[in-house]
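What follows is each chain in one-letter form.
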Amino acid sequence: MVSIKGGRKRVVTGAVSTLTAGLALGAFALSGTANSAPETVDSARHTKPTVVLEHGAFADGSSWNGVIEELRADGYPVVAAANPLRGPASDAAALRTVLDHIKGPKILVGHSYGGNVISEAAAGDDSVKALVYVAAFLPAPGESALELTNKYPGSTLPDALDPVTYTQADGSTATDLYIQQDKFRHQFAADVPAQQAALMAAAQRPVAQSALEEKATTAAWKDKPTWDIVTTRDLNIPAAVQRFMAKRAQAHTTEVAASHSVAVSHPHLVAGVIERAAHATVR
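Conventions adopted
- Residues numbered from 1 in each chain as written.
- Predicted model: local features only at pLDDT ≥ 70, side-chain atom pairs only at ≥ 80, totals over all residues.
- Heavy atoms only, no water.
- Buried < 20%, exposed > 50% of the residue type's maximum accessible area, 1.4 Å probe, protein only.
- Helix = DSSP H or I, 4+ residues; strand = E, 2+ residues; numbered from the N terminus.
- Arc of directions from axis to C-beta.
- Contact = heavy atoms within 4.5 Å.
- Polar contact = N/O pair within 3.5 Å; in protein donor to acceptor, adjacent residues only side chain to side chain.
- Axes fitted to C-alpha atoms, helices over the stretch in contact; angles between N-to-C directions.
- Parallel < 35°, antiparallel > 145°, perpendicular 65-115°, else oblique.
- Left-handed = near helix turned anticlockwise from the far one by under 90°.
- Nonpolar A, V, L, I, M, F, W, Y, C, P; charged D, E, K, R; others polar.

(A) Structural detail: helix α7 (residues 194-203). Taken together, the buried positions of α7 are Ala197, Met200 and Ala201. Buried residues along α7 cover an arc of 100° about the axis, so they all sit on one side. Facing away from the buried side of α7 by more than 90 degrees, the exposed set consists of Gln195, Leu199 and Ala202. Residues of α7 that are buried in the fold lie against α6 (181-188) and α10 (262-265).

Take a look at the structure:
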């Protein structure tokens, strides 16, 4: 296990296996155009895969901005997909429309609940060469995000939530979950500058409560090379839960003393792990 106690260093050494998608093709944030991204070759003459980033609950595609800058600087095509946050099955179907639109090998990355989505979306897709989980859920079939969160103590998310119940078109009711803005930084982004965290709080996208209760039906991490970033100061998904999932998945694991918003606070580290996954799996 690689342990990073602070700072913004990129991880460049190997790690030890121990151990919250677009609605349509126009609805995802792009770093370039997905189907016309130029093929790039690194110094070792290896084709660089497209990195597809899936955000989680209480966030949007801009949460990956620092990671995107790092990856693009190193020559990687990048697509940051917009996650509908309605449920793992439907969100995975939406993500697959993005994956199907991108030619060539791909590295699929999920943050938080986005881990549920990539675990399902990548199943059976041979073009996805590796999975990278960033402070994320790695559910096994039959498990939900809520169930996993509660497996070990430590999450303070329930007390920070702002639930909003509304009537759907068919007359039934549903509940969306936000994080209270005055609690957002402490809960979600404690190591992010206050002004930036305030912007994140204002722009947060809600997750359907039912999405966190929906059980997984498949787990792509069972048969794809997997990397995992465990955040030890996480108040959403306790570190003990993250370690349990990473160990079960036999993931290459990196630990960092960071909040749940590690992609914002440590973009160098996150990009470095993604690039390690790409170097290890794409030739």
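(B) Expanded view of the side chain of asparagine 236. Within the secondary structure, asparagine 236 is located in the loop between β10 (226-231) and α9 (239-248). Among the polar contacts listed, one links the side chain of asparagine 236 to the side chain of glutamine 187, at a separation of 2.7 Å. Once residues lying within four places of it in the same chain are set aside, the contact partners of asparagine 236 are Phe58, Thr149, Ser155, Leu157, Gln187, Phe188 and His260.

(C) Here's a closer look at the packing of helix α1 (residues 65-73) against helix α11 (residues 267-281). One way to put it is that α1 packs onto α11 with a least axis distance of 8 Å and a crossing angle of 50°. As the angle between them shows, α1 and α11 are arranged oblique. With respect to the hand of their crossing, α1 and α11 are arranged in right-handed fashion. Along the contact surface, α1 presents Gly66, Val67, Glu70 and Leu71, while α11 presents Pro267, His268, Val270, Ala271, Ile274 and Glu275. Tallied by class, residues from the contact of α1 with α11 come to 6 nonpolar, 2 polar and 2 charged.

(D) Highlighting the packing of α6 against α7. Running from amino to carboxyl end, α6 crosses α7 at an angle of 120°, the nearest separation of the two axes being 9 Å. In terms of crossing hand, the pair formed by α6 and α7 is right-handed. Across from Gln181, Phe184, Arg185 and Phe188 in α6, the residues of α7 making contact are Ala194, Ala197, Met200, Ala201 and Ala202. Residue composition of the contact of α6 with α7, by class: 7 nonpolar, 1 polar and 1 charged.

(E) Expanded view of the side chain of histidine 260. Positionally, histidine 260 belongs in the loop between β11 (252-256) and α10. Owing to a relative accessible area of 0%, histidine 260 belongs among the buried residues under this scheme. Excluding residues within four positions of it along the chain, histidine 260 makes contact with His111, Ser112, Ala135, Phe188, Asp234, Asn236 and Ile237.

(F) Focus on unusual backbone geometry. Even without being a glycine, phenylalanine 58 presents a positive backbone phi close to 65°. Phenylalanine 58 gets classed as buried once you look at its relative accessible area, which sits at 1%. Backbone geometry at alanine 135 places phi at a positive 45°, although glycine is not the residue there. Along the polypeptide, alanine 135 turns up in the loop between β6 (128-134) and α4 (145-149). Alanine 135 sits in the buried class, given a relative accessible area of 0%.

Any functional reading would require information beyond the geometric quantities listed.
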